[in-house]
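Structural overview
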Amino acid sequence: MTGGMGGSWSPFVFFPLMFELTFQELSVGVVGVALVFVCGAVWISRWSNGNAERRGVRFRLVCRLCRHVWEDRSRERYPVCPSCGADNRRRRRPRPW
Ligand SMILES: [Zn+2]
């Protein structure tokens, strides 16, 4: 009398070793795929977030008059502040003084 798992109806009885191996491989594969999937999702999410942030910073302008912050994607050379209407010339680098 062996009791427990070894019922004669069980498919485990016919090929115990093979099934055990494939089951282990299957579970390892499932866990691995899940891990890769989660890592990939996290990586993609972080990557797209960083991208959006970089884009936002790139197009972000600060009015030199009223310190209003807005995004300007029009690539104009002289963007106008939507808050006070001041002309904010794009500068490559800050003035030397
Ligand atoms: Zn302004």
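1. Side note on the overall build of the protein chain
If you tally the helices and strands in the protein chain, you get one helix and two strands. Counting only contacts in the protein chain whose residues sit at least 6 apart along the sequence, the fraction spanning at least 24 positions is 8%.

2. Here's the deal with unusual backbone geometry
One non-glycine residue, R67, lies in the positive phi region at around 60 degrees. Considering the arrangement of structural elements, one finds R67 in the loop between β1 (60-62) and β2 (69-71).

3. Quick notes on the environment of P82
Tracing the backbone through its elements, the reader meets P82 in the segment after β2. According to the C-beta neighbour criterion, P82 is exposed, with 11 such atoms within 10 Å. The spacing of P82 and C63 is 19 residues in sequence and 9.1 Å in space, taken between C-alpha atoms.

4. Regarding the confidence of the model for the protein chain
A low pLDDT score tells you not to read the predicted coordinates there in detail. Chain-level statistics for the protein chain give a pLDDT mean of 77 and a share of 68% at 70 or above. Mean pLDDT values over the elements of the protein chain span from 81, in helix α1 (residues 16-58), up to 87, in β2.

5. Here we look at the environment of Y78
Note on placement: Y78 falls in the segment after β2. Judged by the 8 C-beta atoms lying within 10 Å of it, Y78 is exposed. Note: C-alpha distance between Y78 and N88 (10 residues apart in sequence) is 5.7 Å. In contact with Y78, other than residues within four places in its own chain, are D87 and R89.

Thresholds applied
Residues numbered from 1 in each chain as written. Predicted model: local features only at pLDDT ≥ 70, side-chain atom pairs only at ≥ 80, totals over all residues. Helix = DSSP H or I, 4+ residues; strand = E, 2+ residues; numbered from the N terminus. Contact = placed C-beta atoms within 7 Å. Buried ≥ 20, exposed ≤ 12 C-beta atoms within 10 Å, placed from the backbone. pLDDT = per-residue confidence, 0-100.

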